[in-house]
Amino acid sequence: MADPALHTTFGGIAVRNLYKIFGPNAAAHVDAVRNGMTKTELNAVHGHVLGLRDINIEIASGSIQVIMGLSGSGKSTLIRHINRLIDPTAGEVLVDGVDVVKMGAAELRSFRRHQTAMVFQKFALLPHRSVLDNTMFGLEIQGIERARSRDIAMRWLERVGLKGFESKYPNQLSGGMQQRVGLARALSNDAPVLLMDEAYSALDPLIRMDMQSVLLDIQAEIRKTIVFITHDLDEALRLGDQIAILRDGEVIQQGTSQDIVLRPADDYVASFVREVNRGRVVHVEAVMTPLRTPSQGHAPARTIASDVTIEEALRILVATPEDDATVVDAAGKPVGTVSFRQLAGAMVNAHEIGGQQTANRANVA
Ligand SMILES: Nc1ncnc2c1ncn2[C@@H]1O[C@H](COP(=O)(O)OP(=O)(O)O)[C@@H](O)[C@H]1O
Ligand SMILES: [Mg+2]
């Protein structure tokens, strides 16, 4: 199980047809839930709580999967299935192709220790241990020699910005710094899967954004498979390569930040999206006028990559707002044009974005 070659071959996570019902006779009610019994009915008729219904999520190795939803929607229940802190009522949880649900006790212990690391909302630091000793904790459990553990822990403490704090105690640190220790401890394990359950939800907004940057910076290097839970859409959009939105134990929508913001699946998702600053999320591609003919003959005066945000594009165009820009794809090929007016319009009128996006799709097809 603890194959050192795993880090290079890690194949991601697949959650398949996962159900969780809480109550003494859970298995007896799976079929009813499969056949459409609602969470409310299950509770009223059988006194059982529906935790998760038919969850199917594929998480690519090295990506950040965000799970988002209101309190009580099943986020913690779902993430705890990945390291089997919770046993499912039905379904599979494949991590690197191995079903966690079928693991025996020893295999599960080894799996948790070597393949997963968790970062908690309440930091879960040991108060009587120094920052360094807290960071080394997981390595100690793994039986790794102290001098080597120390080197690894020091490296990660430095990487999260805590060099010089290693002999402090948790109560001498701010919340943000404590969470940095939690992150350093998790990263020291070098497990391919990092599970973060509302890890940043208790932090003040500015510190929280700092911590998001720290995570994104580090992730660009280490490419872990990260499952990140939040109830905050801005955080979800900033961090998630993919986002799954839960309500009452069901996945309501899955997709990229563009998918969620441009095409919310229902009113529940739309109500989250309304609060979002579209300028910072939506890409120019969704606003531009697509090219009807592939080439215009002469080189464009000004180009903008199709995946920059509206806000960034406005910053580029504001110098000479009367001139349109040519939008180019990742290969540098012109795919459309965009004007200052179009960008500004999309900032204030969400409707314009959606309509244009539909038009662009039709154009591609
Ligand atoms: N051990 C449990 N026993 C009974 N119900 C539970 C248990 N754990 C969670 N639940 C219920 O499952 C649902 C999802 O809870 P949870 O996963 O903690 O939501 P979230 O993390 O999104 O706030 C809630 O209705 C909650 O009350
Ligand atoms: Mg929770």
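Read on for an overview of the structure. (Residues numbered from 1 in each chain as written. Chains lettered and ligands numbered in written order. Predicted model: local features only at pLDDT ≥ 70, side-chain atom pairs only at ≥ 80, totals over all residues. Heavy atoms only, no water.)

### Some remarks on the site of ligand 1
The immediate surroundings of ligand 1 are formed by F22, K39, V49, L70, S71, G72, S73, G74, K75, S76 and T77. Note that an oxygen atom of ligand 1 is positioned 2.5 Å from one of the side-chain N or O atoms of T77. With the chains in place, 61% of the 560 Å² that ligand 1 exposes on its own is no longer accessible. The leading source of residues in the shell around ligand 1 is helix α4 (residues 75–82), at three residues. Classifying every residue of the shell around ligand 1 gives three nonpolar, six polar and two charged. (Near = heavy atom within 4 Å. Polar contact = N/O pair within 3.5 Å; in protein donor to acceptor, adjacent residues only side chain to side chain. Areas by Shrake-Rupley, 256 points an atom, 1.4 Å probe, with all protein chains shown as cover. Helix = DSSP H or I, 4+ residues; strand = E, 2+ residues; numbered from the N terminus. Nonpolar A, V, L, I, M, F, W, Y, C, P; charged D, E, K, R; others polar.)

### Some details on the packing of aromatic side chains
Remark: the centre distance and the inter-plane angle together describe each pair of aromatic rings, the angle taken between the planes. Considering all chains together, one arrives at two aromatic pairs under this definition. With centroids separated by 5.3 Å and ring planes inclined at 65°, the aromatic side chains of Y200 and F228 adopt a geometry described as edge-to-face. Taken together, the positions of Y200 in the loop between β7 (193–197) and α10 (205–222) and F228 in strand β8 (residues 225–230) put the pair 28 residues apart, joining distant regions of the chain. Looking at Y200, the relative accessible area reads 1%, which means it is buried. What makes F228 buried here is its relative accessible area of 0%. Considering the side-chain rings of Y268 and F272, the 5.2 Å spacing of their centres and the 85° angle between planes classify their relative orientation as edge-to-face. Taken together, the residues Y268 and F272, both in helix α13 (residues 267–273) and four residues apart, mark about one turn of the helix. One exposure class covers both Y268 and F272, and it is buried. Positioned over the ring face of Y19 is R34, at 5.0 Å from the centre of the ring. Seen from the ring of Y268, R247 lies directly overhead, with NZ or CZ sitting 5.0 Å from the centre. (Phe/Tyr/Trp six-rings, centres within 6.5 Å; stacked < 30°, edge-to-face > 60°. Buried < 20%, exposed > 50% of the residue type's maximum accessible area, 1.4 Å probe, protein only. Lys NZ or Arg CZ within 6 Å of the ring centre and 35° of its normal.)

### Here's the deal with the sheet that holds strand β14 (residues 334–338)
Here four strands make up an open sheet; going across it, the order is β11-β14-β13-β12 and the pairing mixed. Of all strands in the sheet, those bounded by a partner on one side alone are β11 (289–290) and β12 (303–305). Bridge count between β12 and strand β13 (residues 325–328): three bridges; the pairing is parallel. The residue bridging T303 from the neighbouring strand is T326, located in β13. (Pairing = 2+ DSSP bridges.)

### Remarks on the side chain of S130
Inspection of the secondary structure assignment puts S130 in the loop between β6 (116–120) and α6 (131–135). Given a relative accessible area of 10%, S130 falls into the buried group. Of note is the side chain of S130, whose polar atom sits 3.1 Å from the backbone nitrogen of D133.

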